[in-house]
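# Reading the structure
So you can see what is in the structure, the chains are spelled out below.
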Amino acid sequence: QQMRQVDKLIDTGDFFVTKTEDHQVFCCPRADAMPEQIVLPDFSRIGDVRDIAAAIAYPYGFDYKHLNDNCMAVSAWADMNGAVTVVPADAAPQADSWTDVVQLCITLDYLLGLKSDGTVVSTGLYGKKAPDLSGWTDICYLDSFAGVSAGVKTDGTVAFDGSFDYSEYYTIK
């Protein structure tokens, strides 16, 4: 019954976050992958949520070869008025000033917010560099993964930024 009411499901690899159609958020660890040092926020106290994003981030000298070293759970949500909260707060303090945000996405290194007017705001996590997407307009959907960001425009075209070369870290055969 409750699963039919879920309108967003996030799998960070270490924990799951679900947002329901009635704007509530639930979180649970993945028993097979949860590093002991990750502390999850208490989502039961945040009230109604317009959108949420969550990921594992690496605040202290990130190294893709040692993915479980120094990892932190980072969550960001936009309330029904579009104000953004990030936990832990020091992950992206600049996002506290964002307003009118309707969608969020988060990566290992940065947080993106889609505003109701179709523009995009961005900030790095823990002082890392974020892409400058301030020139993007008329965006209706936003997503990002590992240094690549894409926005779908209302006319169906796609705006794209970034690149990521996995071959530096993995051998694909």
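To start, this report covers the structure provided alongside it.

How each quantity is defined
- Residues numbered from 1 in each chain as written.
- Predicted model: local features only at pLDDT ≥ 70, side-chain atom pairs only at ≥ 80, totals over all residues.
- Heavy atoms only, no water.
- Pairing = 2+ DSSP bridges.
- Helix = DSSP H or I, 4+ residues; strand = E, 2+ residues; numbered from the N terminus.
- Axes fitted to C-alpha atoms, helices over the stretch in contact; angles between N-to-C directions.
- Salt bridge = Lys/Arg side-chain N within 4 Å of Asp/Glu carboxyl O.
- Buried < 20%, exposed > 50% of the residue type's maximum accessible area, 1.4 Å probe, protein only.
- Polar contact = N/O pair within 3.5 Å; in protein donor to acceptor, adjacent residues only side chain to side chain.
- Contact = heavy atoms within 4.5 Å.
- Core = buried A, V, L, I, M, F, W, Y, C linked by side-chain atoms within 4.5 Å.

### Digging into the sheet that holds strand 7 (residues 101-106)
The strand order 7-8-9 describes an open sheet built from three strands, whose pairing is antiparallel. Edge positions in the sheet fall to strand 7 and strand 9 (120-124), since each has one partner strand and no second. Across this sheet, the average inter-strand angle for adjacent strands is 20 degrees, counted without regard to direction. When strand 8 (residues 110-115) meets strand 9, the two strands line up antiparallel, connected through five bridges. Along strand 9, the bridge assignment pairs Leu-112 with Ser-122.

### Let's talk about the pattern of salt bridges
The tally for this structure, following the rule as stated, stands at two salt bridges. Between Asp-51 and Lys-8 there is a salt bridge; the shortest N-O distance is 2.8 Å. Taken together, the positions of Asp-51 in strand 4 (residues 49-57) and Lys-8 in strand 1 (residues 6-11) put the pair 43 residues apart, joining distant regions of the chain. For Asp-51, a relative accessible area of 7% translates into the label buried. Between Lys-128 and Asp-109 there is a salt bridge, and its shortest N-O distance comes to 3.6 Å. Of this pair, Lys-128 sits in the loop between strand 9 and strand 10 (139-145) while Asp-109 is found in the loop between strand 7 and strand 8, placing the two residues 19 residues apart along the sequence.

### Considering the pairing of strand 1
The pairing of strand 1 with strand 2 (residues 15-20) spans five bridges and is classified as antiparallel. Bridge pairing in strand 2 links Ile-10 to Val-17.

### Thoughts on the side chain of Ser-149
Along the chain, Ser-149 falls in strand 11 (residues 148-153). A residue is classified by how much of its surface remains accessible, and Ser-149, at 1% relative accessible area, is buried. Among the polar contacts made by the side chain of Ser-149, one reaches the side chain of Tyr-110 at a distance of 2.9 Å. Apart from residues lying up to four places away in sequence, Ser-149 is in contact with Tyr-110, Leu-112, Pro-131, Leu-133, Trp-136, Asp-143, Ser-144, Ala-159, Phe-160 and Asp-161.

### Examining the side chain of Gln-103
Along the chain, Gln-103 falls in strand 7. A distance of 2.5 Å separates the side chain of Gln-103 from the backbone oxygen of Leu-142, its partner in a polar contact. Dropping the residues within four chain positions of it, Gln-103 is found in contact with Asp-51, Leu-112, Gly-113, Leu-114, Cys-140, Tyr-141 and Leu-142.

### Digging into the nonpolar core
Grouped together as the largest cluster of nonpolar side chains are 19 residues, with contacts concentrated most on Val-74, Val-84, Val-86, Trp-98, Leu-104, Leu-111 and Leu-125. Elements with a minimum of two residues in this core: strand 4, strand 5 (72-79), strand 6 (84-87) and strand 7. Excluding its chain neighbours within four sequence positions, the residues that come into contact with Val-86 are Val-74, Ser-75, Ala-76, Ala-91, Ala-92, Ala-95, Asp-96 and Leu-111.

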